[in-house]
Structure formats: structure tokens, C-alpha cells
Amino acid sequence: MSRVKTLQALFKRYRRPGDIVFAWVLLAVSLFLLSQLFDQTVYKKGAKLFAQPRFWPAVSLTLMSAFAAFHVIGSLLSERIDGRWREVLLWCSSLEYAAWFIGYAMLVPYTGYLPTTVVFAVALVFRAGYRSRTALLSAVGCALVIVLLFKTFLQVKLPSGAIYEYLPDGLRMIMLTYF
Amino acid sequence: MENLLAGAEMLARWDVIVALFIGSIGGVIIGAIPGVGPAVAIAILLPATFSLDPIVGLTMLLGIYGSSMYGGAIPAVLINTPGTAVNALTSYDGYPMTQRGEAHRAVSLAYSASFWGGIFGILCLILLSPVLALIAPMFGSREIFLAALLGIILVILAHRGQIFAAGLLAMFGIFLQTIGLDAVTYTQRYTFGYSFLSSGVNLIVVVLGLFALSQAFYLLTAPDDSPDAKPVKGRMTVGFKELLKHKRVATVASGFGVILGMIPGTGEFTAQFMSYTYAQKTSKNPEAFGKGSPEGLIASEAANNAVPAAAMIPLLALGIPGEALTAMMLSVFYVHNVIPGPQLFQNNLDLVYGLYLALILLNIIVMVFLLFSTNLLTKIIRVPTRFLGVIVLILSFVGVYSLRNSLTDCMIAAGFGVLGLILKRLNLPIVPIILGMVLGGIMEIKLRSAMPRLKTPFDMIDRPISFILFLMILLVLALHIRTLIKEYRAHQTDEDHNLHDSQMR
């Protein structure tokens, strides 16, 4: 009995809730990618095995699937931890912030870096649960500092907003270049 | 000597000095804020430094890399929350000291031990340079391939208790770098017909997603918290005198830091853990460890600060990064057309010395800054965590978008951000993915270029260095199997794996 227990202990890891869901998903992903090996890579006749374009995807995906399978076994042999689906829900809730991020990136080329960043910062701080005037003003302040630092001073390559085209002549050039 | 002077001359420019100040002081502040760390900061600033001169961009990022652990000790000692993942053991002894009302003693000891470790690491780097310059040219394609392979194996095996997950993620990293148009045969690999995948998955986009965006998501999805650190009273120089009483521990710990820093995949945490164990075993007062032992604090801080300089050794000499931050630094080198590897020591030795001197300067700048501004930092670290999440999200946009002005990049980064969040929540390591991408690329290129000279598989290891590397790979695997058998026989109970908190903040 104790031998079985120790063998299990070898596979046991200090886990957190949701581990088994992650393990199964990654196993499925690895097996799917491996199944696409012949479709998605080619075999060059005459080339040596190690120089084949298929070689490294094949090696990495085979090993990835093997490790994923062991990971699943490890999870199956470990004790169940409560709160699995609550954890998965939390992962899904991060998708909302991913959407905020992508939405922000989509808007900037149209509405301009400065105005979009200020509005985005305030809206997201509000969404994160802050209601105090200090928090909202700090968000405006931080957004301004970030824009001034990266766009105005460091001249990092960020798009100018299409909206700036509607501004009067002098102001338009300044906004297009610096904000 | 000539090169040393040329290196000093390289640094004697106002923009380099400004970059060094911004990097080192910014690094301390970033390190001190629990929730963001050097990985997040370097990831965000990477694209912003592309337009700067190589030495300017490199010193700024080097500043952040080398100084963040100084800052990370502050919350570790004062509020029992390590500012960066590698300050974890500092809180074991630092926080009990704070509870005893010895906060200023603990903080100043942490600073002086960090300084000792930092300078020790750089001195080793300088002393080793002539040897490196001699050995590095002996590394041809097959040696670098084997060294990268050893790196991958070590990265996987270093995650004890999570080896399958680490292996899975490292292989995922290797797979990621194969996506796109194969550079030699011009054939598509895993593009699924999408044109945006033809150019491959950009390392910096993945880094930004896994480190910066995931951290923003992590902070935004967790309950709001505002770390409350009390101001520290007392003279900050007191730690130096006390450190001198524990020179042995500090030096051995720094030694551990240097050795483990040089070996890819092991890094700060292992160094810290080993030197802490060493200090406890050799201490006259071992029962005080974990209850506010100055020796424990010194061991952990000296070890983790010796690592950055040592981690530069495989990076500069062979172009092989040992952990995530050096992997990011590698992409900075590439962007600036400085190719780390054997040639760097032959052709750009002045740049190498310039970087060493920058490392020494940053340690001094940080030390002076900390002596006067610890209490200012205790105010800065009170930023509420969700607010911090919003700021990190906005800053991540600068990083991702400025790279190529691509919305697709933002979407890919967001995807990796969600993956990074899941890994962080599960306490699974992120580093293997990044190292898999970097080392996988190196392995593919080097194996291909070694091929024409290989008639039989044994030609791979018929040179002295390659043979030694091959033996090291066998040794590492054999040692791992031996440990597994030992554990199996000894019916060992599980260690506290929460200690291996692999979240890279």
C-alpha cells in the first residue's frame, strides 16, 4: 500500500484549484497541434532529418503532448481541490479586461492617443471599483504623464488620431506630432 | 586596460548617465512596488528603447534589472510581501525583525548585503572576462547547440515538483518559435493559412503578454489591496557595520549567486535557497532562522543580488540567456545589432567593459539613493493594486503597439496575457515558455549550421568543450533520476511547494 502511495507521491504536485482543467485543455491543444503536423509542415526531399522544416515542430509537439499527458496523470492522482469552476470563472473574467485592452488599441488610431488614454484610464479605474474623486483625478494624471513621457518626449511610434484632422491648422500639427 | 578606458569613455555621455539614473532609480521603485517587477518594467520599456543608442537603451534596462532586487527587499522586510519573486526568503527573517521594532536594522542590512552581493558578482565577471575571452571562441555551432540544450533541460528540471508543467511549457515555447516561414526552406509552418502568422510569433509580443498584460489582468481580477508600510526610523548606515561581522555568510552567499547565476535555468531563487540553507547549517544560532536572523537576511539578499552580473556571463559570452530577464535583454542586444556571443569578446570588448562599469555605477547610485529615500518608497508602495493594474494595462499598450503599430500584435499579446494570468493563478512557471522560444531558436539554427560538418552522430561531441557539455547533460539527467529514486525510497513527504512561487512579477 505504501509503495502505491509513494508512487502517487512522485506524481503529486502542490496544486491549486483548476489545475486539472488546465491540464486537460493543454493536452487537447497539444494533441490537436500534433495531429496537424503533416498538414502544416512540409518534408523536403534530400534534406537531412535535422534540417527538415518539420523536425523541430515534430520534436516539440511530441514532447509537449507527452509532458501534457503526464501532467494530466499527475492531476488525476492528486487530491481534488474545491473551487475548480470558481477559478475557471475567474480566468474567464480576465477576458473582459483583454477586451478592454483590444478595444483601447482599436480606438487609438481614430480618436487619438491623448484623449483615448485619458478616457480609458478614467473608465477602467471606475470599472475597477474606484469612485473617489482622488482616484479618478489620479487616473487622469497618470494618463497625462504616460502620454507626455512616451509620445511627447520619447517620441515612441504611436499613431496619431484621425480625429485630429478636424482641428484648426496650428493646433492640428502639434497634436499630430506630440499627442 | 585600453578596453576598460574605452568602456569608461562610452559611459561618459550625458544621455548614458541619464539612462543609468532613470534605470537604476526606476528599478528600485518598480522593485519596491509589490505587483510589478523588473520583468513587467523591462517588457514595457523594451520597444521604447529601440529608438535609443545601443549603450543608452542597454544601460537603462540593465539599471532596472540590477536594481529591482534592492527595492524588492523593502516590502519584503516591512510588510511581509516580497516586492519581486526573488525576495521571498528575505521576508522570512526581515519581517520578524520589523515586528521586533528593528525595521531600520533589517532594511539597512538588506541594502548592505545586496550591495556586497552586487559588487562581488561584478568583480567575478570582470575577473572572469579574460578567461571568457579565451574560452568563448572555442564555442562553435555544436557547442552552442549543446549549451542551449543543457539550458532547456535545466530550466525544466529546476522546477522541482512541477517538472511536467515546466516541460510542457518549455516545449510550447520551442513550438511557438517554429511558427511562420522557415528561414532556410521558405516553407510555411503552422500558419493555418493566416498571413499574420507567416512572420512568426514575435518574442516581445509574447513577453509583453505573459509578463505585463497578465500582471495587469491578475491585479484587476483580484480583490483590491493597498499595502501599508510604516516609515522607518534610524540611521541606514548601521547595516554595513553589522554586515562586516558576517562577511563569511555574505561572501559564500554571493558565491552561490554567481555560480547559479551562470548556470542557465537555475537563477536567483535557487541561489537564495541554497545560500540560506548553507547559512543556517553553519550558523552558531540556527534556531533564529525564520525568526529574524540577520544571517538569514544577509544570505538571501547577497545571493540574489550577485545573480544579475553572473547571468550576464552566458548571455554575453555565448548569447545564451539563463532566465526570463536575460532573455529579454538578449532581444535588446539583437535590436541594437549587438550580437552577444564569442565574437562580442573579440570585437566589442569595450562595450562589454562599458556594461560592467555601468553595473558597478548602478550599484553605487542605488545604494546612495536608498540611504536617503527609503521612507519615500514606503509611501509609493501604497498604490492600490487594482489602480496599479490599470496603469500596467495602459503602459502595456505602449509596449505592444509601438513595436509594429499592429492591432494583431495587441490581440496576440492579450491572448498570452490571459494564458499568463492562468499560469500565475495556478502557480505554474512562465519562464520556460520564454526560454523555450529563445533557446529553441538558437538550437534550430545552430544544429542546422553544424550539420554539414557532421558525418556521424559522434562528431557532435568530438571536441573538448562539446564533450564536456555532453557529459554535463548526462550528469544532470543522472542526478535527477538519482534524486527521484532517493525520494521514492525515502518516502519523503512533499516539500512546501508554495515556496517555489514561480510568479515572475
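Residues numbered from 1 in each chain as written. Chains lettered and ligands numbered in written order. Predicted model: local features only at pLDDT ≥ 70, side-chain atom pairs only at ≥ 80, totals over all residues.

**Student:** Describe the overall build of chain A, and please don't skip the residues or the numbers.
**Tutor:** Check the secondary structure of chain A and you find 8 helices and 0 strands. Reading the helices (α) and strands (β) of chain A from amino to carboxyl end gives α-α-α-α-α-α-α-α. By the compact-globule yardstick of 16 Å for 179 residues, chain A is too spread out, its C-alpha radius of gyration being 26 Å. With respect to the principal axes defined by its C-alpha atoms, chain A has extents near 80 × 55 × 25 Å. A burial count over chain A gives 30% of its 179 residues as buried. (Helix = DSSP H or I, 4+ residues; strand = E, 2+ residues; numbered from the N terminus. Rg over C-alpha atoms; globule rule 2.2 N^0.38 Å. Buried ≥ 20, exposed ≤ 12 C-beta atoms within 10 Å, placed from the backbone.)

**Student:** Outline the interface of chain B and chain A, listing residues and values.
**Tutor:** The extent of an interface is frequently quoted as the accessible surface area lost upon association of the parts. If you look at the interface, chain B gives 61 residues, while chain A gives 64 residues. Listed by contribution, the elements that provide at least two residues to the side of chain B that touches chain A are helix H8 (163-178), helix H9 (203-221), helix H17 (385-404), helix H18 (407-425), helix H19 (431-450) and helix H20 (464-490) of chain B. With 12 residues, the top contributor of residues to the side of chain B that touches chain A is H17(B). For the side of chain B that touches chain A, the residue count by class is 35 nonpolar, 17 polar and 9 charged. (Contact = placed C-beta atoms within 7 Å. Nonpolar A, V, L, I, M, F, W, Y, C, P; charged D, E, K, R; others polar.)

**Student:** Let's hear about the nonpolar core: which residues, and what values?
**Tutor:** Among the nonpolar cores identified, the biggest contains 218 residues, and Phe101(A), Ile42(B), Ala43(B) and Ile434(B) are the most heavily contacted of them. Among the elements that take part in this core, helix H13 (residues 294-318) of chain B stands out by supplying 16 residues, more than any other. Counting only domains with at least three residues in this core, you end up with domain 1 (2-82) and domain 2 (95-178) of chain A. Those residues in contact with Phe101(A) that sit more than four places away from it in its chain are Leu213(B), Leu393(B), Phe397(B), Cys410(B) and Ala414(B). (Core = buried A, V, L, I, M, F, W, Y, C linked by C-beta atoms within 7 Å. Domains from an automatic or database assignment.)

**Student:** Tell me about the confidence of the model for chain B, residues and numbers included.
**Tutor:** Residue and element names in this part refer to chain B. For chain B, the average pLDDT comes to 84, and 96% of its residues sit at 70 or higher. Taken together, the stretch residues 495-505 has pLDDT below 50 and engages in 30 contacts with residues farther than four places along the chain or on a different chain. Among the prediction metrics, the complex's ipTM stands at 0.91, with pTM recorded as 0.88. (pLDDT = per-residue confidence, 0-100.)

**Student:** Break down unusual backbone geometry for me, citing the residues and quoting the values.
**Tutor:** Residues and elements named next belong to chain B. We note that Phe192 has phi near 50 degrees; this positive angle belongs to a residue other than glycine. With respect to the element layout, Phe192 can be found in the loop between strand E2 (188-189) and H9. In this structure Phe192 comes out as exposed when scored by C-beta crowding, with 10 C-beta atoms within 10 Å. The backbone of Asn427 shows a phi angle near 60 degrees, a positive value even though the residue is not glycine. Assignment of secondary structure puts Asn427 in the loop between H18 and H19.

**Student:** Give me the lowdown on the packing of helix H6 (residues 103-135) of chain B against helix H11 (residues 247-262) of chain B, citing residues and values where you can.
**Tutor:** Relative orientation and spacing of two packed helices are given, respectively, by the angle between their axes and the distance between those axes. All names here are of chain B. One can describe the packing of H6 onto H11 by two numbers: an axis separation of 9 Å at closest approach and a directional angle of 50 degrees. By the angle between their axes, H6 is oblique relative to H11. As H6 packs across H11, the resulting crossing turns out to be right-handed. Counting all contacts with H6, which are made through Ala113, Trp116, Gly117, Phe120, Gly121 and Cys124, the residues of H11 involved are Ala250, Thr251, Ala253, Ser254, Gly257, Val258 and Gly261. For the contact of H6 with H11, the class distribution of residues is 7 nonpolar, 6 polar and no charged. (Axes fitted to C-alpha atoms, helices over the stretch in contact; angles between N-to-C directions. Parallel < 35°, antiparallel > 145°, perpendicular 65-115°, else oblique. Left-handed = near helix turned anticlockwise from the far one by under 90°.)

**Student:** Can you explain the packing of helix H3 (residues 38-49) of chain B against helix H14 (residues 324-335) of chain B? Please cite residues and give values.
**Tutor:** Residue and element names in this part refer to chain B. Two elements in contact, H3 and H14, have axes whose closest approach is 10 Å; the angle formed by their N-to-C orientations is 5 degrees. Comparing the axis directions of H3 and H14 gives the class roughly parallel. Where H3 abuts H14, its residues Pro38, Ala39, Ile42, Ala43, Leu46 and Thr49 lie against Ala324, Leu325, Met328, Ser331 and Val332. Looking at the contact of H3 with H14 residue by residue, the classes come out as 9 nonpolar, 2 polar and no charged.

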